[in-house]
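# Fold and contact review
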Amino acid sequence: MTAVITGASSGIGSAFAEHLASEQRDLVLVARRRDRLDQLAARLRAEHGVKVDVIAADLSEPGIWDRIGDELDELGVEVDLLVNNAGFGVHDDVVDSAAAALAQQVQVNCAAVVGLTTRLLPTMVRNGRGAVVNIGSTASFQPVPHMAVYGASKAFVLSFTEALAVELEGTGVRALAVCPGATETEFFDVAGESAKTGRARTAANLVAHAMRALEAGKISTVHGFDNAFGGLVLPRLLPRKAMARLAGRLTGRPSRTAPTPAA
Ligand SMILES: NC(=O)c1ccc[n+]([C@@H]2O[C@H](COP(=O)([O-])OP(=O)(O)OC[C@H]3O[C@@H](n4cnc5c(N)ncnc54)[C@H](OP(=O)(O)O)[C@@H]3O)[C@@H](O)[C@H]2O)c1
């Protein structure tokens, strides 16, 4: 039985790979940077004696889940754990963004999650065992001005996963949405350091938390007491507009290039 991890070339995805290999799980690692995946795969094989395959794929390509599904079939692996972890956030106001860049976030953070889940789920259900772990965020719980599409994409992940978990009741297959707060990874290389809110935790600690939540049969989990307060308690106390403004203050307005005056 094999775990597929997307976004395994760095950060939380790499930490999932480390954790699962140490538990003697065979792995398939997915991301765009094949060199990074190959290095990690070689190390995990040497250290843990597990089988590790690599699929280099750009999850922003429409329909990429079918190519990945076909490659998994060719590898002859039977997947019993899918970790939809790949994702990114762009710190910019909608008005200053290119439509293609925003659509790419929706494609990677939402469409690929749905596509891979839908492609791999029937085998798990037929086998009567397995799990889908989708990585949301504390951004899942309220609108996030200045990262509007990222926040909406993570709200999608949470809603999709919790609904899926209930659909799967009685099948032996579980679904879990994991909602990290700030975590020490390369995420902020893309989103920018100003998008970091609160104390950053380690990816290894997050993965251990996620695996405990999966074991406990939860359908979603927030990493860290402070993040749980911000994600689960505050939105029940404050109106949506106040929550949105608070999130917007925390994310901080991106530096905007002043418009050039007309000649
Ligand atoms: N770090 C945080 O503070 C934090 C907080 C909440 C939620 N999260 C979520 O955690 C997940 C993992 O992020 P991270 O923090 O570990 O960041 P990271 O270190 O930047 O890792 C992101 C991973 O996603 C992959 N990825 C990005 N775009 C891709 C694409 N088009 N196709 C295939 N793979 C792609 C990257 O691989 P390649 O570049 O090699 O393709 C990389 O492996 C994301 O969903 C993120 O939204 C992170």
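You'll find the structure just up there.
What you see is a predicted model, and the numbers here were worked out from it, not measured in a lab.

### Focus: the nonpolar core
Across soluble globular proteins, you tend to see nonpolar side chains buried next to one another. Counting 33 residues, the largest nonpolar core has Ile5, Phe16, Leu20, Leu27, Leu29, Leu81 and Val133 as its most contacted members. Per element, the largest residue contribution to this core is seven residues, and it comes from helix H7 (residues 203-215).

### Thoughts on a nonpolar patch on the surface
There is a patch of nonpolar side chains on the surface, built from Phe229, Leu232, Val233, Leu237 and Leu238 and spanning about 410 Å² of accessible area. Inspection of the secondary structure assignment puts Leu238 in the loop between helix H8 (225-237) and helix H9 (240-251).

### A look at helix H3 (residues 64-75)
Taking 1.5 Å of rise per residue, 12 residues should cover 16 Å, and H3 covers 17 Å from first to last C-alpha, within 8% of that figure. Buried residues of H3: Ile64, Ile68, Gly69 and Leu72, and no others. Projected down its long axis, H3 shows its buried positions confined to an angular sector of 135°, all on one face. For H3, the exposed residues set more than 90 degrees away from the buried face come down to Asp73 and Glu74.

### Notes on the site of the ligand
If you check the shell around the ligand, you find 30 residues, and the closest are Ser9, Ser10, Arg32, Tyr150 and Thr185. In the model, a nitrogen atom of the ligand is placed 2.8 Å from a nitrogen or oxygen of the Leu59 main chain. At 2.8 Å, a backbone N or O of Asn85 approaches an oxygen atom of the ligand. Here the ligand loses 96% of its free accessible area of 880 Å² to cover by the protein chains. Listing elements by their share of the shell around the ligand, those giving two or more residues are helix H1 (11-22), helix H5 (148-167) and helix H6 (187-191). Taken together, the residues of the shell around the ligand sort by class into 13 nonpolar, 12 polar and five charged.

### Some thoughts on the layout of surface pockets
By volume, the second largest pocket is sized at about 230 Å³. In terms of lining residues, the second largest pocket is bounded by Glu23, Arg25, Asp80, Leu81, Arg129, Gly130, Ala131, Arg174, Met211, Leu214 and Glu215. Of all the elements in the fold, those that place two or more residues in the lining of the second largest pocket are strand E4 (79-84), strand E5 (130-135) and H7. In terms of residues, the lining of the second largest pocket owes the most to one element, H7, which gives three residues. Class assignment of the residues belonging to the lining of the second largest pocket gives a composition of four nonpolar, one polar and six charged.

### Points about the environment of Ala152
Along the chain, the position of Ala152 falls in helix H5. For Ala152, a relative accessible area of 48% translates into the label partly exposed.

Cut-offs and rules
- Residues numbered from 1 in each chain as written.
- Predicted model: local features only at pLDDT ≥ 70, side-chain atom pairs only at ≥ 80, totals over all residues.
- Heavy atoms only, no water.
- Core = buried A, V, L, I, M, F, W, Y, C linked by side-chain atoms within 4.5 Å.
- Buried < 20%, exposed > 50% of the residue type's maximum accessible area, 1.4 Å probe, protein only.
- Helix = DSSP H or I, 4+ residues; strand = E, 2+ residues; numbered from the N terminus.
- Patch = residues over 30% accessible without salt bridge, like charges linked within 9 Å, V, L, I, M, F, W, Y side chains within 5 Å.
- Areas by Shrake-Rupley, 256 points an atom, 1.4 Å probe, with all protein chains shown as cover.
- Salt bridge = Lys/Arg side-chain N within 4 Å of Asp/Glu carboxyl O.
- Expected span 1.5 Å × (residues − 1).
- Arc of directions from axis to C-beta.
- Near = heavy atom within 4 Å.
- Polar contact = N/O pair within 3.5 Å; in protein donor to acceptor, adjacent residues only side chain to side chain.
- Nonpolar A, V, L, I, M, F, W, Y, C, P; charged D, E, K, R; others polar.
- 1 Å grid on protein atoms, 1.4 Å probe; cavity = no way out; pocket = protein on both sides within 12 Å on 5 of 7 lines; lining within 4 Å.
- Points joined across faces, edges and corners; volume = space filled by probe spheres on them.

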